[in-house]
Amino acid sequence: MSNRLRARLAPAAIALLLGGCAVQLQPVADFGAAASRVAASYKPFGAGIAASCEQRERYVALGGAGAFDDAVSQRAAAAKCAPLKEAGATAALFGQALSDYASALAKASGAKPTAFDGEIKSISSAAAALANKDGTPVFDSTKVSAASRIARAAAALALEGRQQVLTRETLRDNADALKTVVDAMKSYAGGVYAGQLADTHDIMAGELQRLVAASSAPTQGDVEARLPWRFAQTAVRADIAANELETRHARDFGKTADALLAAHAELIADFDKIGGARRLELVAAFVDEVKALNDDAAAL
């Protein structure tokens, strides 16, 4: 072989060897895609808390004495529930930080996820938004700092853009911050948000009882006058059913959050052997848990 031919073949051979050294980390890809789906399922909880509060206030106004103007009651409800919009906005940033971290891991794995591939998104500006965010009664400064760290880690992984930067240390260094973030999301979903939904549910259930009582027609001649109360029950029952489904979704989030943290811990513990593994037990269990969450969310 001539020296000129060797010179031409050398770059191609080097590229082939480098490509062969890049081991695809399938369990990391599966974890990242499933964690991204968890973040997506959490997203409605941010706007949902203020919406539930406003729904509660409108039902209270509907059942109150005196003059009633629907437009006025909606404005009053929005004003009263405005502080919850800020809490919801902070909650949404925590979900976005998780989404960024999960997406970055999936992309850095070098493998195509076996499920939820469509959830992998580009890295957002969560890091910048969290950098100037103050703590709140729900998300104190320690939790905000942890979310900011996770978002910065995601941005760093995206900036490198190479699989080789993904190491056990990358996962280990972010494990504590990830736990703080996920635990905060879990507390918000299962405590704060679910609590607001429960308050709204109680008001709507009370109004339904009033409608049922008002729908009673002692004689056939009384039926026509009672029809508005009877028809109104349908809308209230639909609101109550939607509330109950969302409550179940919020409470189920905690179990999925625990599975996420267990899967992340398994990636750290078994990092030295996941290069040739198609699946890890806790990661696979986490993916299955997210599938169940996904099926339930589809009913909302």
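Just above, that's the structure.
Residues numbered from 1 in each chain as written. Predicted model: local features only at pLDDT ≥ 70, side-chain atom pairs only at ≥ 80, totals over all residues. Heavy atoms only, no water.

A. Up close: the side chain of Ser 148. Relative to the elements of secondary structure, Ser 148 occurs in helix α6 (residues 141-160). In this structure Ser 148 comes out as buried when scored by relative accessible area, which is 8%. Beyond its immediate stretch of four places on either side in the chain, Ser 148 contacts Leu 130 and Ala 131. (Helix = DSSP H or I, 4+ residues; strand = E, 2+ residues; numbered from the N terminus. Buried < 20%, exposed > 50% of the residue type's maximum accessible area, 1.4 Å probe, protein only. Contact = heavy atoms within 4.5 Å.)

B. Summary view of the packing of aromatic side chains. If you walk through the whole model with that rule in mind, you get 9 aromatic pairs. With 5.1 Å between their ring centres and 40° between their planes, Phe 45 and Tyr 193 make a pair best called tilted. Pair noted here: Phe 45 is in helix α3 (residues 44-62) and Tyr 193 is in helix α7 (residues 168-214), with a separation of 148 residues, a long-range link. With relative accessibility at 3%, the residue Tyr 193 sits in the buried group. Taking the centre distance of 4.5 Å and the plane angle of 40° together, the rings of Phe 94 and Phe 139 count as tilted. Remark: Phe 139 occurs in the loop between α5 (126-131) and α6 and Phe 94 occurs in helix α4 (residues 70-108); sequence separation between them is 45 residues. Note on accessibility: Phe 94 and Phe 139 belong to one class, buried. In textbook terms, an aromatic cluster arises when at least three aromatic residues are bridged by ring pairs, as seen for Tyr 42, Phe 45, Phe 94, Phe 139, Tyr 188, Tyr 193 and Phe 253. (Phe/Tyr/Trp six-rings, centres within 6.5 Å; stacked < 30°, edge-to-face > 60°.)

C. Quick look at the environment of Leu 267. Inspection of the secondary structure puts Leu 267 in helix α8 (residues 223-269). Assessed through its relative accessible area of 0%, Leu 267 is described here as buried. Through-space distance from the C-alpha of Leu 267 to that of Arg 168 is 7.9 Å; in sequence the pair is 99 residues apart. If near-sequence neighbours (up to four positions away) are discounted, Leu 267 is found in contact with Pro 27, Val 28, Phe 31, Leu 171, Ile 274, Leu 280 and Val 283.

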